[in-house]
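# Working through the structure, step by step
Spelled out, the chains give:
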Amino acid sequence: MSNIDPASGYPAYDQSSAAGHSGGGQAAARRTALIICTIADIAAALLGLWIVLYLLDANQANAFVGFVHGAADWLSGWAQNIFTMDTEGLRIVLNYGLPAVVYLLIGHGIAGRINRA
């Protein structure tokens with residue numbers, strides 16, 4: 001006995017080709033949303049990594065630490081010195097953590113809107 005019904009979640013073979021085009025647009029929107037989420041996640045990860053490296057007193061002469069610090073400075077340039085604390089570690093956490101949270105909220109918010117459209 002053969003089952004000619006498509007598996008759950010897959011379109012039937014007799015559907016019109018016009019329905020296939022809307023799926024392509026939806027797939028493109030999902031890819032775009034995924035790209036936006038990925039960029040936001042990478043930006044937040046670099047900022048978070050710099051916070052961790054700073055708090056662990058990483059060797060700033062190291063090339064990798066220098067790269068992460070430079071990227072974090074560039075990503076958080078708009079938020080530098082929003083918080084001026086006497087405690088250097090807390091100042092770093094707040095001045096680099098705020099942009100990380102903002103990038104995550106904005107990136108995932110935009111991606112969510114794209115997915116719903």
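Here, the structure is the one placed above.
Described in the following lines is the structure provided in the data block.

Time to look at the overall build of the protein chain. Secondary structure summary: the protein chain contains three helices and zero strands in total. What you see in the protein chain, going N to C, is helices and strands ordered as α-α-α. Scored against the burial criterion, the 117 residues of the protein chain give a buried share of 24%. Counted over contacts in the protein chain with a minimum sequence separation of 6, partners at least 24 positions apart contribute 56%. Of the accessible surface of the protein chain, which amounts to about 8200 Å², a share of 64% is contributed by carbon and sulfur atoms.

Moving on to a nonpolar patch on the surface. A surface patch of nonpolar side chains, about 300 Å² in accessible area, is lined by L49, F64 and F67. Note that F64 resides in helix α2 (residues 63–75).

This part takes up the nonpolar core. In this structure, L47, W50, L53, A72, L75 and Y96 are the most contacted members of the largest nonpolar core, which totals 15 residues. Looking at this core, the elements with two or more residues in it are α1 (17–55), α2 and α3 (88–116). In this view, L53 contacts A58, F64, V65 and V68; residues no more than four positions away in its chain are not counted.

Another aspect to go through is the packing of aromatic side chains. On inspection of all chains with the given rule, the structure shows three aromatic pairs. Note on W50 and Y96: the rings are 6.4 Å apart at their centroids and 70° apart in plane angle, and the pair reads as edge-to-face. Placement of the pair is W50 in helix α1 and Y96 in helix α3, with a sequence separation of 46 residues. A relative accessible area of 2% places W50 in the buried class.

Here we come to α2. For α2, spanning 13 residues, the distance from its first C-alpha to its last is 18 Å, which sits close to the expected 18 Å at 1.5 Å a residue. At the N-terminal end of α2, a side-chain oxygen is found 2.7 Å from the backbone nitrogen of F64, two or three residues along, and the residue is N62.

Another point: the pattern of salt bridges. For side chains of opposite charge, pairing can occur when their charged atoms come near one another. Under the defined criterion, the tally for this structure stands at one salt bridge. With its nearest N and O atoms 2.4 Å apart, the salt bridge here joins R91 to E88. Taken together, the residues R91 and E88, both in helix α3 and three residues apart, mark about one turn of the helix. Residue R91 is classed as buried on the basis of its relative accessible area of 16%.

With glycine set apart, most residues show a phi of negative sign, and most peptide bonds adopt trans. Even without glycine at this site, D57 takes up a positive phi of about 55°. For D57, the location among the structural elements is in the loop between α1 and α2.

Positionally, L90 belongs in helix α3. When its relative accessible area of 41% is taken as the criterion, L90 is described as partly exposed. Measuring from C-alpha to C-alpha, the distance between L90 and L55 comes to 9.3 Å, with 35 residues separating the pair along the chain.

Okay, the packing of α2 against α3 next. The interhelical angle for the contact between α2 and α3, taken along N-to-C directions, is 70°, at an axis separation of 10 Å. Considering the angle they form, α2 stands roughly perpendicular to α3. Note that α2 runs across α3; the crossing there is left-handed. The residues of α3 that touch α2, namely those facing H69, A72, D73 and L75, are Y96, P99 and Y103. Residues of the contact of α2 with α3, tallied by class, amount to five nonpolar, one polar and one charged.

What counts, and where the lines are drawn
- Residues numbered from 1 in each chain as written.
- Predicted model: local features only at pLDDT ≥ 70, side-chain atom pairs only at ≥ 80, totals over all residues.
- Heavy atoms only, no water.
- Helix = DSSP H or I, 4+ residues; strand = E, 2+ residues; numbered from the N terminus.
- Buried < 20%, exposed > 50% of the residue type's maximum accessible area, 1.4 Å probe, protein only.
- Contact = heavy atoms within 4.5 Å.
- Areas by Shrake-Rupley, 256 points an atom, 1.4 Å probe, with all protein chains shown as cover.
- Patch = residues over 30% accessible without salt bridge, like charges linked within 9 Å, V, L, I, M, F, W, Y side chains within 5 Å.
- Salt bridge = Lys/Arg side-chain N within 4 Å of Asp/Glu carboxyl O.
- Core = buried A, V, L, I, M, F, W, Y, C linked by side-chain atoms within 4.5 Å.
- Phe/Tyr/Trp six-rings, centres within 6.5 Å; stacked < 30°, edge-to-face > 60°.
- Expected span 1.5 Å × (residues − 1).
- Polar contact = N/O pair within 3.5 Å; in protein donor to acceptor, adjacent residues only side chain to side chain.
- Axes fitted to C-alpha atoms, helices over the stretch in contact; angles between N-to-C directions.
- Parallel < 35°, antiparallel > 145°, perpendicular 65-115°, else oblique.
- Left-handed = near helix turned anticlockwise from the far one by under 90°.
- Nonpolar A, V, L, I, M, F, W, Y, C, P; charged D, E, K, R; others polar.

Structural measurements only, silent on function.
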